[in-house]
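# Coordinates in review
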Amino acid sequence: MEKIKLGILGLGNMGSSHAKKILAGECPEVELAAVCDIKPDRLEWAKENLGESVPAFSDAEEMMDSGLIDSIIVAVPHYDHPTFAIMAMKKGLNTLIEKPAGVYTEQVLEMNRVADECGVVFAIMMNQRTNCIYRKMREIVKSGEMGAIKRTNWIITDWYRPNAYYASGDWRATWSGEGGGVLLNQCPHNLDLWQWICGMPKTVEAKLHFGKWHDIEVEDDVTAYVEYENGATGVFVTTTGDTPGTNRFEITLEKGKIVADKKTLKIWKSEENMTEAEFSATNTSPFGHMKFTEMDVETDGENLQHVGVFNAFAAHILHGTPLVADGREGINGLTISNAMHLSAWTGKAIDIATFDHALYKEELMKRVATSRRKTVTTNAVAADMSDTF
């Protein structure tokens, strides 16, 4: 069987997990051809767990130039995702990056430009798009069978983290180490799914609390309000300070609503197949209500997660079949995240179409300059800091 020859850049939680899955045969069209990390203990781990047949490098460029790989996954700290993705693509390597696409949109726009110029396959590890719940939600919304979206509401507060979590690394929850808090670490998948299913908002307005529930410098409590081009509105609420938390994603449409609550998916559908506007215009009762049928939504049950993204990445390279997520799409969720930060910092609603990428970077770097962790994690291959959602 023909296989891609993959190099893993960064052997932290995610990189090492990927390596084990590939060696276990879960990705039949992927050969683990090399790995790289700057930490001696991670290289020792590679030697003990991956065997002598998988060369281990301590220098990223050396692995890229070795001739051993034709593809790479970048599983390093957030700031470095674009740095090494650009390096890899310029060397002609098919490139898969972990989430988020980067920390600030300006660097991600440059990464996307390089992807266009180099013509290699470029993908991002948006593994939650493989979840049958979210795939089905998108299918229903995009079909138009329930009309246009009127309101979206995602309460995603089951990201609880105690103080010990933040104390476990000096880079955690710092502007220079991670570039943000719950929005950059825990929520990139949620923000991606929100826009993937419902579309990009027109404007974003947000209230963020920095270190409200923990002794940290970045946001750990977020409430955002968005408006869409068609007049629909949305709310996104997240925190790492609530326990027990909630994960409820509700989309109200003209002919009913869809609700994902953890692992369940329900739908309320107009029995008359009419929109709320049509009912309101023809109903004669002051307290009249539309009638809805409530039902559980059947899905295909598949939720392939990281393996699904890897297999689609390899299949796209070898056979031209679709990716789970093109790498260029990583800019979307990050733009929403950056807009939430910028709104909180400026006290203004942010227009997505005219988002000021330079201003965001300028404001971010002010905070990096006074960060507890004085060194920005750029140009260093270290353990991936992202949570494994």
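Residues numbered from 1 in each chain as written. Predicted model: local features only at pLDDT ≥ 70, side-chain atom pairs only at ≥ 80, totals over all residues. Heavy atoms only, no water.

## Points about the nonpolar core
Counting 89 residues, the largest nonpolar core has Leu9, Met137, Trp194, Phe236, Phe249 and Met340 as the members making the most contacts within it. Looking at this core, the element that brings in the most residues is helix H11 (residues 330-346), giving seven residues. Apart from the residues lying within four places of it in its own chain, the contact partners of methionine 340 are Leu183, Leu191, Trp194, Val204, Ala206, Leu208, Val222, Ala224 and Phe236. (Core = buried A, V, L, I, M, F, W, Y, C linked by side-chain atoms within 4.5 Å. Buried < 20%, exposed > 50% of the residue type's maximum accessible area, 1.4 Å probe, protein only. Helix = DSSP H or I, 4+ residues; strand = E, 2+ residues; numbered from the N terminus. Contact = heavy atoms within 4.5 Å.)

## Quick word on the sheet that holds strand S6 (residues 122-124)
Read from one edge of the open sheet, six strands run S3-S2-S1-S4-S5-S6, paired in parallel fashion. Sheet topology places strand S3 (56-57) and S6 at the edges, where each strand pairs with a single neighbour. (Pairing = 2+ DSSP bridges.)

## Quick word on the packing of aromatic side chains
Within this structure, the stated rule accounts for nine aromatic pairs. The interplanar angle of 0 degrees and the centroid separation of 4.2 Å between the aromatic rings of tryptophan 154 and phenylalanine 249 together place this pair among those described as stacked. On the criterion of sequence distance, the pair formed by tryptophan 154 in strand S7 (residues 149-156) and phenylalanine 249 in strand S11 (residues 247-253) is long-range, its members being 95 residues apart. In this structure, tryptophan 154 and phenylalanine 249 share a single accessibility class: buried. Taking the centre distance of 5.6 Å and the plane angle of 65 degrees together, the rings of tryptophan 175 and tryptophan 345 count as edge-to-face. Taken together, the residues span a long stretch of sequence, with tryptophan 175 in the loop between helix H7 (163-166) and helix H8 (188-198) and tryptophan 345 in helix H11 at a distance of 170 residues. Each of the two residues, tryptophan 175 as well as tryptophan 345, counts as buried. Pairwise contacts between aromatic rings join Tyr134, Trp154, Trp194, Phe236 and Phe249 into one cluster. In this structure, arginine 161 is placed above the aromatic ring of tyrosine 165, and the distance from its NZ or CZ to the ring centre is 5.2 Å. (Phe/Tyr/Trp six-rings, centres within 6.5 Å; stacked < 30°, edge-to-face > 60°. Lys NZ or Arg CZ within 6 Å of the ring centre and 35° of its normal.)

## A few points about the sheet that holds strand S8 (residues 203-210)
Taking strand neighbours across the sheet as the criterion, the nine strands line up as S14-S13-S12-S11-S7-S10-S9-S8-S15 in an open arrangement whose pairing is mixed. Two strands lie at the open edges of the sheet, namely strand S14 (292-296) and strand S15 (350-351), each paired on one side alone. Taken together, the six bridges between S7 and strand S10 (residues 233-239) define a ladder with parallel strand orientation. Within S10, the residue paired with tryptophan 154 across the bridge is phenylalanine 236. Along the sheet face, helix H6 (residues 132-143) touches S7, S11, strand S12 (256-261) and strand S13 (264-270) and points at about 10 degrees away from the line of S11. (Axes fitted to C-alpha atoms, helices over the stretch in contact; angles between N-to-C directions.)

## Some details on the state of the cysteines
This model, assessed by the stated rule, comprises zero disulfides. Cysteine 27 takes part in no disulfide bond, and the closest cysteine sulfur to it belongs to cysteine 132, at a distance of 19 Å. Taking the relative accessible area as the measure of exposure, cysteine 27 reaches 2% and is therefore buried. Here cysteine 187 is not cross-linked by a disulfide; its sulfur's nearest cysteine counterpart is in cysteine 198, at 15 Å. On the basis of relative accessibility, which here comes to 0%, the residue cysteine 187 falls in the buried class. (Disulfide = S-S within 2.5 Å.)

## Remarks on the environment of isoleucine 22
With respect to the secondary-structure elements, isoleucine 22 resides in helix H1 (residues 13-23). By relative accessible area, which is 6% here, isoleucine 22 ends up buried. Expressed as a C-alpha distance, the spacing of isoleucine 22 and aspartate 158, which sit 136 residues apart in the sequence, is 30 Å. In this view, isoleucine 22 contacts Leu6, Ile8, Cys27, Val30, Glu31 and Leu32; residues no more than four positions away in its chain are not counted.

All quantities given are derived from atomic positions and should not be read as evidence of function.
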